[in-house]
Amino acid sequence: MSTTPDPVWSNRAIKWFDRRLPLFTMMHKELIVYPTPRNINYWWNFGSLAGVALVIMILTGIFLAMFYTPHEDMAFASIERIMREVNYGWLIRFLHMNGASMFFAVVYIHILRGMYYGSYKAPRELLWIIGVVIYILMMAAAFLGYVLPWGQMSFWAATVITSLVTPLPFGETIAIWLWGGYSVDNDTLKRFFSLHYLVPFLIFAFVFLHLWALHTTKSNNPLGVEIKKPADTLPFHPYFTVKDSVTLGAFLFLLCYFVFFAPNYFNHSINYVMADPLVTPEHIVPEWYFLPFYAILRAIPDKLMGVVLMFAAILVWAALPWLDTSKVRSGRFRPTFRIFFWIFVADAVLLTYLGAMPAEGIYVTLGQFATAWYFIHFLVVLPILGKVEKTEPVPESISAAVSAEHQKEASA
Amino acid sequence: MSGLKGIIGAAAVAVGLVAGAPAALAAGGGHGPELKHQSWTFDGLFGRYSEKQLRRGWEVYEGICKSCHTLDYMHYRNLEQIGYTEDEVKEIAARFEVQDGPDEWGDMFMRPATPLDGFAEPYENDAIAMLANGGVVPPNLSVITRARDHGADYVYNLLLGYEDEVPEWATEADPTFSLAPGKSFNTFFPGYAISMPQQLFEGILEYSDGTEATPEQMAKDVSAFLQWAAEPELEERKGLGRMVLLFLIVLTGVLFAYKRELWKDAH
Ligand code: HEM
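- Going by the annotation in an unreviewed UniProt entry, the name recorded for chain B is Cytochrome c1, with Roseospira visakhapatnamensis given as the source organism.
- Among the UniProt annotations of chain B, the heading Subcellular location (unreviewed entry) holds the following wording: "Membrane".

- The name an unreviewed UniProt entry gives chain A is Cytochrome b, with Roseospira visakhapatnamensis as the organism.
- Quoted straight from UniProt, the Sequence similarities (unreviewed entry) entry for chain A says "Belongs to the cytochrome b family."
- Per UniProt, chain A carries the Function (unreviewed entry) text "Component of the ubiquinol-cytochrome c reductase complex (complex III or cytochrome b-c1 complex), which is a respiratory chain that generates an electrochemical potential coupled to ATP synthesis."

### Examining the overall build of chain A
Here is step 1: The helix and strand inventory of chain A stands at 16 helices and two strands.
Here is step 2: By the compact-globule yardstick of 22 Å for 412 residues, chain A fits well, its C-alpha radius of gyration being 24 Å.
Here is step 3: Dimensions of chain A, computed from C-alpha atoms along their principal axes, come out at roughly 70 × 60 × 45 Å.
Here is step 4: Burial status across chain A gives 51% buried among its 412 residues.

### Here we look at the sheet that holds strand β5 (residues 193-194) of chain B
Residue and element names in this part refer to chain B.
Here is step 1: Across the sheet, which stays open at both edges, the three strands sit in the order β3-β4-β5 with antiparallel pairing between neighbours. Bordering the open sheet on either side are β3 (162-163) and β5, each of which pairs with just one other strand.
Here is step 2: Where β3 meets strand β4 (residues 184-186), two bridges bridge the pair, whose relative direction is antiparallel. Bridging across to β4, glutamate 163 finds its partner in phenylalanine 185.

### Side note on the coordination of the iron atom of the ligand
Around a metal, the idealised angle for a tetrahedral arrangement of four donor atoms is 109.5 degrees; for an octahedral arrangement of six donor atoms it is 90 or 180 degrees.
Residue and element names in this part refer to chain A.
Here is step 1: For the iron atom of the ligand, every protein donor is listed as His110 (NE2) and His210 (NE2), and the spread of their distances is 2.1 to 2.2 Å.
Here is step 2: One can describe the donor arrangement at the iron atom of the ligand as irregular, given that its six donor atoms subtend angles of 76 to 179° at the metal. Within this pair, whereas histidine 110 is found in helix α5 (residues 89-116), its partner histidine 210 is found in helix α9 (residues 186-217), the two being separated by 100 residues in sequence.

### Observations concerning the nonpolar core
Here is step 1: In terms of nonpolar packing, the biggest core is built from 115 residues, with Phe104, Met115, Tyr135, Phe293, Trp317, Tyr374 and Phe378 of chain A touching the most fellow members.
Here is step 2: Aside from chain neighbours lying at most four places away, what touches phenylalanine 378 of chain A is Met115, Val316, Trp317, Leu320, Leu323, Phe344 and Pro383 of chain A.
Here is step 3: Core analysis: the second largest hydrophobic core is formed by 47 residues, Tyr61, Cys65, Tyr154 and Ala219 of chain B among them.

### With respect to the UniProt feature "binding site: heme b b566" (unreviewed entry) in chain A
Residues and elements named next belong to chain A.
Here is step 1: In this structure's numbering, the residues bearing the UniProt feature "binding site: heme b b566" (unreviewed entry) are His110 and His210. On the basis of their most widely separated C-alpha atoms, the annotated residues across 101 residues gather in one place, lying no more than 13.2 Å apart.
Here is step 2: Ignoring sequence-local partners within four residues, the contact set of histidine 110 consists of Phe46, Gly47 and His210.
Here is step 3: Beyond its immediate stretch of four places on either side in the chain, histidine 210 contacts His110, Leu127, Ile130, Gly131 and Ile134.

### Details of the confidence of the model for chain B
All names here are of chain B.
Here is step 1: Of all residues in chain B, 88% attain a pLDDT of 70 or more, and the chain-wide mean is 90.
Here is step 2: For the stretch residues 12-27, pLDDT sits under 50, and the model shows 16 contacts to residues farther than four places along the chain or on other chains.
Here is step 3: Overall fold confidence (pTM) sits at 0.92, and the ipTM for the predicted complex is 0.93.

### Concerning the UniProt feature "binding site: heme c" (unreviewed entry) in chain B
All names here are of chain B.
Here is step 1: Here, the residues flagged by UniProt with the feature "binding site: heme c" (unreviewed entry) are Cys65, Cys68, His69 and Met196. The annotated residues occupy 132 residues of the chain but converge on a single region, no pair of C-alpha atoms lying more than 10.7 Å apart.
Here is step 2: For cysteine 65, a relative accessible area of 16% corresponds to the buried category.
Here is step 3: In this structure, cysteine 65 is in contact with Val60, Leu141 and Val222, ignoring residues within four places of it in sequence.
Here is step 4: For histidine 69, a relative accessible area of 10% translates into the label buried.
Here is step 5: With residues near it in sequence (within four places) discarded, histidine 69 still touches Tyr61, Pro122, Pro138, Pro139, Leu141 and Met196.

### A few points about the packing of aromatic side chains
Here is step 1: Using the criterion set out here, one finds 63 aromatic pairs over all chains in the structure.
Here is step 2: Residue placement shows arginine 55 of chain B over the ring face of tyrosine 84 of chain B; its charged tip is 6.0 Å from the ring centre.
Here is step 3: Across from the ring centre of tyrosine 272 of chain A, 4.6 Å away, lies the NZ or CZ of arginine 146 of chain B, which sits over that ring.

### Considerations on the site of the ligand
All names here are of chain A.
Here is step 1: Around the ligand sit 24 residues, and of these His110, Ser119, Gly131, His210 and Asn220 come closest.
Here is step 2: In the model, an oxygen atom of the ligand is placed 3.1 Å from a nitrogen or oxygen of the glycine 47 main chain.
Here is step 3: A distance of 2.6 Å is found between an oxygen atom of the ligand and a side-chain nitrogen or oxygen belonging to serine 119.
Here is step 4: For the shell around the ligand, the element with the highest residue contribution is helix α6 (residues 125-147), accounting for six residues.
Here is step 5: Here the shell around the ligand is composed, by residue class, of 14 nonpolar, nine polar and one charged.

### Looking at the pattern of salt bridges
Here is step 1: The full count for this structure, using the stated rule, is 18 salt bridges over all chains.
Here is step 2: Aspartate 117 of chain B is the partner of arginine 111 of chain B in a salt bridge, and the nearest nitrogen-oxygen pair spans 2.9 Å.
Here is step 3: Judged by its relative accessible area of 15%, aspartate 117 of chain B is buried.
Here is step 4: Several salt bridges converge on common partners, so that one network encompasses Lys121, Asp324, Arg334 and Glu389 of chain A.

Cut-offs and rules
- Residues numbered from 1 in each chain as written.
- Chains lettered and ligands numbered in written order.
- Predicted model: local features only at pLDDT ≥ 70, side-chain atom pairs only at ≥ 80, totals over all residues.
- Heavy atoms only, no water.
- UniProt positions renumbered as here; feature names shortened; annotations may be inferred.
- Helix = DSSP H or I, 4+ residues; strand = E, 2+ residues; numbered from the N terminus.
- Rg over C-alpha atoms; globule rule 2.2 N^0.38 Å.
- Buried < 20%, exposed > 50% of the residue type's maximum accessible area, 1.4 Å probe, protein only.
- Pairing = 2+ DSSP bridges.
- Donors = N, O, S within 2.8 Å, 3.2 Å for Na, K, Ca; no water.
- Tetrahedral: all angles 85-135°; square planar, octahedral: opposite > 155°, others 65-115°.
- Core = buried A, V, L, I, M, F, W, Y, C linked by side-chain atoms within 4.5 Å.
- Contact = heavy atoms within 4.5 Å.
- pLDDT = per-residue confidence, 0-100.
- Phe/Tyr/Trp six-rings, centres within 6.5 Å; stacked < 30°, edge-to-face > 60°.
- Lys NZ or Arg CZ within 6 Å of the ring centre and 35° of its normal.
- Near = heavy atom within 4 Å.
- Polar contact = N/O pair within 3.5 Å; in protein donor to acceptor, adjacent residues only side chain to side chain.
- Nonpolar A, V, L, I, M, F, W, Y, C, P; charged D, E, K, R; others polar.
- Salt bridge = Lys/Arg side-chain N within 4 Å of Asp/Glu carboxyl O.

Below, the structure is given as structure tokens:
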């Protein structure tokens, strides 16, 4: 799409290097002149925020790993030592802890943005599916990491989640293989630490693929029409580098509010009690970002079905490009879809709430309805809606829509 | 711009959640009196510890709690942080005995603690601790305010929450409720039956700074002390946090203004 010619480097060293490996030309093309739809709104900033969050997680994690001890008798104490004795250890740990929550918050918004504006539709199916893979890897990283402090909730979350495999065929064998023994213990902790260090780098690799796919198809935009001419776009730098920094500042503000003034807000207090295999906590509750899936798991009385549905709840996202049959991409021109979109968001919020409640009485019934709706939305509503919905007229191009808006503003 | 408004709205909801959280304080089983929230010097954006209060809290810990509870992960040298001088800390440490060794004869021996030692353990092992306390090990107190919902408020209410007889509201809520021998009734302890007898009585202790040692005063001071034990970084954290947040507000504002200027003709 870009009509800008490759840059001519005046610096001799850069010229020499670039002739042999066009790293500088690539950076120029992908980070500076990269044509970006001029009309994308602030919801398009959450991808770059997720990238920053990933970098924060990896950097703080590397420093934590220098002081952490993966051993059942020492893990808890080593965290206390980080908080008390290591220079700014508390800061590094609280950034890592709260960073995880903020990372998920940002990615959830990022995903919902994609769902609202139909960013998963052709030609962006692979970009979207790579995103789903990233999300699954994030879940793995967060789960593995939560076990490391070896508090009561760490231990029991690990026990509950790993024993989810037991209803599967050969489940007992798989569980023993996962644990490295006959229950969650020291060997489990050691392998979880090893894998927790590995997974973020896998995420990093998939983010690279994600961006590669993105720069191949280019960004979608609120209108959902493809870029047609240069006037539809602005160069990435300085327009979007600067726009992204505005939200980066706001994101860091929110993160730092929690880190400095409510560092344990997202934490369960009982996780400051050291793991004890003989004492089961009254409520075993996962971190907030897993609650919707936990609610789906518990909504189903049959353990195997519950596990299957929980995984299906995420995998169904990957089929979204084919489940949504609408020819119109953006929710902006789909009035009925918009209603269902917000019902879906409300359903997800309800599931989050139910995941935190005890699995009894009205909560179970509500959980079953909310779970049913979750799947109906993807498997019934979206396929049918695309066929029957009356959509609004879609503008012919981005620049046409932008100048029409300007005229409206000028005459008003 | 609608996108930005939505994001600000979402952030406001998030902050609202944070602000609203401490409002809901529930007691041990949800039937008895409500947990009473105290005003603490370390609350809020500008919260800091009162060294005087922490030193009184230490006197309560040393005078009463230390015979059953440990302060793991802490060392006598940490007491310098609450205003004791180096010599005072040496003196305090020397009042405790810690095990050392083996000496050249291969024997373990006891010696007075030094500031570099970790706090002495009251019991040699968990079995003895359980034997002495009705089958329960008294928990480590150095993380207790982090390990319980409502932190220092919980500890304060717990220490004052004892009843000589099982109150009516408890038997009304559960007619089968009865206290096992060796247990005490505590309004704020989950399940009400606690293995720690009431500790704070009028006249059990005299403060070196002349403050009157009422049970309320002692409960407050020792709860603040335990808050410090759990979050010794709190003052530094909040101080740095205020600077960081201020910096980020200014930075974000400047970036936003710059963005508006840059985009003026680009829409
Ligand atoms: C580690 C986590 C992730 C990072 C760092 C990341 C990063 C990014 C970045 C920088 C962009 C471009 C800016 C934007 O459009 O907001 C982007 C776009 C996109 N991402 Fe992600 N992402 C992550 C996770 C996900 C997930 C979990 C999904 C979906 C399941 C996803 C789906 C998409 C889609 C569809 C686009 C293109 C959006 C459009 O052009 O409309 N991403 N991502």
